[in-house]
Amino acid sequence: MAAAQRDLTLQWNVIRNSFCLDGNFSEEGGTGEDLDLVLRLVNQHSAGQTVLDLALDAIWGILRRSISPRFWSHFTTYNITANSNKDEEGSVEVMSRVSTAVGELYSSATAFLPQIHRCEMLCERTGARYEEYMPGGLLEHFKLHLRATLHSQMPASFTLLFQKFYAAAFKVFYHTEVGGQGEESEEATEEPIQCGGCEAPSDACHCQAITNTFTQVNRQLLELDLLERLAGDMIASQLLNTITSHVATTCRDSYDQSRITQLEKWVENVVVGWLEVVYCGGRGKLSSAEAPVQTMVAENLHQTYMTALYHTYTTTRIDQLFNIVIEYPESQPALEDIRECLDRTHLRDRLVESLRSAFQTRLLHPGVNTTDVLHAYISAIKALRVLDPKGVLLELVSEPVRQYLRGREDTVRYIVTSLTDEFCSELSEELLVATPLVLDDSHSDEDSMEHWDTWTPDPVHAHTLKSKSQRTADIISMLVNIYGSKDVFITEYRTILADRILSQFSYDTEREIRYLEHLKVRFGETLALLHKCEVMVKDVADSKRINQSINSDENPRREKQKFPVSCMILSAQFWPSFKEERLQLPDEVLKELETYTEAFQELKGNRTLSWKHHLGQVQLEVELKHRTLSVSVTPTQATIIFHFQDRKRWTIDELSTATQVPKTVLRRKITFWQTQGVLQEVESDVFVLVEGEGDGEEGLVAPVGVASPDIAPPAIEEDEAESVMASAQDQREEELQVFWSYIVGMLTNLDSLPLERIHAMLKMFVQGSVECSPQELRDFLDRKVRQHHLIFTNGLYKLPKN
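Below or above, wherever it landed, is the structure these notes cover. Please read these numbers as outputs of a predicted model, since none were measured by experiment.

## Some remarks on the environment of D225
1) Next: Note that D225 resides in the loop between α8 (207-223) and α9 (227-250).
2) Next: Separated by 79 residues in sequence, D225 and L146 place their C-alpha atoms 9.3 Å apart.
3) Next: Those residues in contact with D225 that lie beyond four places of it in its chain are E140, K143 and R147.

## Some remarks on the sheet that holds strand β4 (residues 679-683)
1) Next: As summarised here, the arrangement of the three strands in space is β3-β5-β4, forming an open sheet in which the pairing is antiparallel. Strands at the two margins of the open sheet, each flanked by one partner only, are β3 (649-651) and β4. Pairwise comparison of adjacent strand axes, ignoring direction, gives a mean angle of 35° for this sheet.
2) Next: Of the strand pairs in this sheet, β3 and strand β5 (residues 686-689) are connected by three bridges, and their pairing is antiparallel. Among the inter-strand pairings, W650 is bridged to a residue of β5, identified as F687.
3) Next: Strands β4 and β5 of the sheet are contacted by helix α28 (residues 663-675), whose axis makes an angle of about 115° with β4.

## Considering the nonpolar core
1) Next: Judged by nonpolar contacts, the single largest core of 168 residues is most densely connected at F19, F162, Y166 and W274.
2) Next: Apart from the residues lying within four places of it in its own chain, the contact partners of F19 are L35, V38, L39, V51, A55, Q115, R118, C119 and L122.
3) Next: Residues Y596, V633, V665 and L679 belong to the second largest nonpolar core, which totals 35 residues.

## Quick look at helix α14 (residues 348-362)
1) Next: Between the first and last C-alpha of α14 there are 21 Å, a value that for 15 residues agrees with the 21 Å anticipated at 1.5 Å per step.
2) Next: Of the residues making up α14, those classed as buried are L351, V352, L355, A358 and F359. For α14, the buried positions fall inside an angular range of 135° around the axis, keeping them on one side. Every exposed residue of α14 that faces more than 90 degrees away from the buried side is listed here: E353 and T361.

## A few points about unusual backbone geometry
1) Next: A cis amide bond links Y328 with the next residue in sequence, P329, at an omega value of 10°.
2) Next: When you line up the elements, P329 lands in the loop between α12 (321-326) and α13 (332-342).
3) Next: Even without being glycine, D225 reaches a positive phi, approximately 55°.
4) Next: For Q660, which is not a glycine, the phi torsion comes out positive at approximately 60°.
5) Next: Position of Q660 among the secondary structure elements: in the loop between α27 (652-659) and α28.

## Things to note about the layout of surface pockets
1) Next: When its volume is computed, the second largest pocket comes out at roughly 400 Å³.
2) Next: Together, 19 residues line the second largest pocket, and N218, L222, E223, Y279 and V293 are the ones closest to its centre.
3) Next: Among the secondary structure elements, those contributing two or more residues to the lining of the second largest pocket are α8, α9 and α10 (260-280).
4) Next: Looking at the lining of the second largest pocket, the element that brings in the most residues is α8, giving five residues.
5) Next: Of the residues contributing to the lining of the second largest pocket, the split by class is nine nonpolar, three polar and seven charged.

Rules used throughout
Residues numbered from 1 in each chain as written. Predicted model: local features only at pLDDT ≥ 70, side-chain atom pairs only at ≥ 80, totals over all residues. Heavy atoms only, no water. Helix = DSSP H or I, 4+ residues; strand = E, 2+ residues; numbered from the N terminus. Contact = heavy atoms within 4.5 Å. Pairing = 2+ DSSP bridges. Axes fitted to C-alpha atoms, helices over the stretch in contact; angles between N-to-C directions. Core = buried A, V, L, I, M, F, W, Y, C linked by side-chain atoms within 4.5 Å. Buried < 20%, exposed > 50% of the residue type's maximum accessible area, 1.4 Å probe, protein only. Expected span 1.5 Å × (residues − 1). Arc of directions from axis to C-beta. 1 Å grid on protein atoms, 1.4 Å probe; cavity = no way out; pocket = protein on both sides within 12 Å on 5 of 7 lines; lining within 4 Å. Points joined across faces, edges and corners; volume = space filled by probe spheres on them. Nonpolar A, V, L, I, M, F, W, Y, C, P; charged D, E, K, R; others polar.

Encoded structure:
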């Protein structure tokens, strides 16, 4: 019994030593003959599964207690050194540290290969099994445990050394293989003193040594299936950071060239080259690599790095999009690149939010002129249609701009002025394209069926926006859609047309007729307001004919005239309202106007004239002692200087009484004669006539710079460009006064009413051409409240008690 026990112990010792069950792997075990003997012993005792489990547990224990801690100690030691030493190690030292750590790990792992082979023989001979769920052989099972053990003991900051290792290797690769397509390529052509790859002196370059070490480390990690686990993120990070940096450098303030094709080629070159160096051991070896490596490189290139390129390029351009929009059409290549990338990314929402924010902070504030806001809006219309021909992006981005423009009082005037200004290229050229204005698209879907084969659905946001025809309308239609009504623009055009006619007095209406015809095509000939404009232009031609008849030599009244009178005869009901200003003309002028009126009555029968004394143009010759001025002035200015014929000294109060012009207006008008050196203010609100040197009181002299005799400077004054017509707001206020009597009647009978009820009753009872929105009515009623004509309390309007 004792002998049998000793034999059993001896046999177990043989098995334990052969399979290193005690964890002592210093000896490689027996020879092939000894292994056969051991396997027979194992089979004899039916201990195959037990021996296999103990053998594998011994391996796992060594991995956990010795190999993994020793490997990670290299990284923790480096972290302590890096934190305590301000002078960081160079690339060569970093490469050496990583190479040593990986080399030790590789040697330790490969030392288990004989043991793995013996365990595989044990499985074959005894039928022992390891985990069935593990695919591949026992060697793959070993690699899995190695990865798991290393991962379980991974220090939190192990990446520092690995990051520097791959950064140093990538810098050498980028410098030597890619040629530094970026910042390095722009350096001086002189031979550098320092190597751009390893940063060592050029005569002691370490690039080749770094590359060799890098290749060896990657090969060892690949064999152990550790490369992706330990360095996959760092490999990708180097490429992604380089792509981001290169895109930012390439696209910096450069919008006039297409960049995406060039960048795609660059990314393919860099990505494939770097992955070849990492996974294949060198540049140009991808074709000879294993199929899984080739597949992995191709998938990474297109799924990860090309996607990163499109995302980075798009985000870079989105940050620059405000400038790109403003610089359109020079920036069209960049917009086409963005359109291509938007189809491959999900950045439409970011683009909308970024551009809306840029418009809000850089454009939509009182410091920007309305002209600049409109120019930016027009550029945005053109530019965003390059990005999205369906107009959805434009609708989403431009809504705040439209709201802001709608709130500026001079928006309509600038738009209309630009449309009919032959020197304004953008909008006037748009007007010349004879396309009817689109404000409704109730039948637009029927037309789209003609091109069903090329139809694409609208983006997801389109269902919440305006109709398709409004989103794809031309620029003029988009500008009109700011207000949603043609009448606002035609009303403003009437005012501008009246200003032009009454500021030129040339009777030349060829240009106005041309633009009026284009407006009729755009806005429709049936609009009553455009018909009024036609009558206004016709009045000019009729006035010219009537003036020629009245001022002809055949007219018997011509001999009695002291000076010729020509007038612009306007049909009152077709012209917009004029600014009302008081002016008492001299009796001599009033007699001539009366004579002209009598001649007009003889010519037109039962029609007469109602004169606007403050409007017009007067050709004057002012004869002074040493000079004569020939000027064109307003009737108010002519009346002022006329009164200085009789008296050389006038006060503002006396002159205001004589002319019936308010003192504030009078002072502004006198400024013109002061600039001509004809009048001078000797005391506060006291003016005297200055005819030459030594004239006036206290030796008054003409100001320096007065023109020589018979030559006068042009009649320039501060209010020369002021409109003679009532403003659109004043005209609208006059129209809204139609409602006032109805509102007073309502509140008299019903005591108090809310805004909604007043608006509904006005729509019901006031039928006419004047329309009033709830907001307009609110503003009108609020003005009446400020004027103390109404009282507003608890959401109700009522009349004040007298």
